Amino acid sequence: MTNIRTNVLIYTEDIHAHGDPSHRAAYPISLHDGIASAFPEDRYNVRAAEFGNIRESITPDTLAETDVLFWWGHDHHADVPDDISKLIITEVQKGMGFVGLHSAHLSKPLTGLLGSSGTLSWRMSDKERIWTTAPFHPISQGIPEYFDLNDEEVYAEPFDIPTPEDTVFIGWFGGGEVFRAGVTYRRGYGKVFYFQPGHESFPTFYNPTIQQILRNAADWAKPTLRRNGLHCPNVKPM
């Protein structure tokens, strides 16, 4: 039987251009490399997109060939072209999977898909304990009851998002804050997962448990049905 690999497109920003030594210490090669390292080549075909080449790397053709788009953004949310965000939203509605990572809570594609501001409270930084609150969900398979991250940016409620289909993970921080750290939605024919950990100053994406969650998310979000287009036909009476 032929092994069909899942096509994953990972969008990131070039964090090393910011000149912060903590970014390069956490991700010596690139943030993309940290996220992509979760996906073995025998099961996933991984491609890269960055803000600097967004018009070349995110097109109707590339999205049509993408099963799941992972989106990590931070400083350039407002600079992402509106037409590209609309293109992504439409492709999700047609069946492509979308995974928003960390600061993607403010990204145009995710806020457009959810219809909310994505605002929250935050501070830097603290220990985080992530609890599995939906052990039945495909994204939580192989994940323990809870696991700890020694350092992560604190995100805290209230989190302005619609009521999730499932809250798969909840994060608790050393300062007492709690946060819906992993939530799922369906939009049209597509699946959406938002996952909170992943600040650029900490090597979170090299954590084996985090990597298992990313793989599970890709496997869950990939299309089960994909539409060539969305339309409202004028039908005859049955």
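Rules of the game
Residues numbered from 1 in each chain as written. Predicted model: local features only at pLDDT ≥ 70, side-chain atom pairs only at ≥ 80, totals over all residues. Heavy atoms only, no water. Helix = DSSP H or I, 4+ residues; strand = E, 2+ residues; numbered from the N terminus. Buried < 20%, exposed > 50% of the residue type's maximum accessible area, 1.4 Å probe, protein only. Contact = heavy atoms within 4.5 Å. Pairing = 2+ DSSP bridges. Axes fitted to C-alpha atoms, helices over the stretch in contact; angles between N-to-C directions.

Draft legend 1. Structural view of the environment of Met124. Looking at where Met124 falls in the secondary structure, it is placed in strand β5 (residues 121–132). Classification of Met124 as partly exposed rests on a relative accessible area of 42%. Put simply, Met124 and Glu153 are 29 residues apart on the chain and 5.0 Å apart in space, counted from C-alpha to C-alpha. Setting aside anything within four residues of it in sequence, one finds Met124 in contact with Glu153, His199 and Phe202.

Draft legend 2. Looking closely at the sheet that holds strand β3 (residues 68–72). Strand order in the open sheet formed by nine strands is β2-β1-β3-β4-β9-β8-β7-β5-β6, with mixed pairing between adjacent strands. Of all the strands in the sheet, the pair left with one neighbour each is β2 (44–50) and β6 (146–156). When strand polarity is set aside, the average angle formed by the axes of neighbouring strands in this sheet is 25°. Across five bridges, the pairing between strand β7 (residues 166–173) and strand β8 (residues 178–187) is antiparallel. Its bridge partner being in β8, Asp166 is matched across the sheet by Thr184. Each of β3, β4 (97–101), β8 and β9 (190–195) is contacted by helix α5 (residues 82–94), which is oriented at about 120° to β9, the strand it contacts most. Packed onto the sheet, helix α7 (residues 208–221) meets β1 (6–12), β2, β3, β4, β6, β7, β8 and β9 and runs at close to 165° relative to β9.

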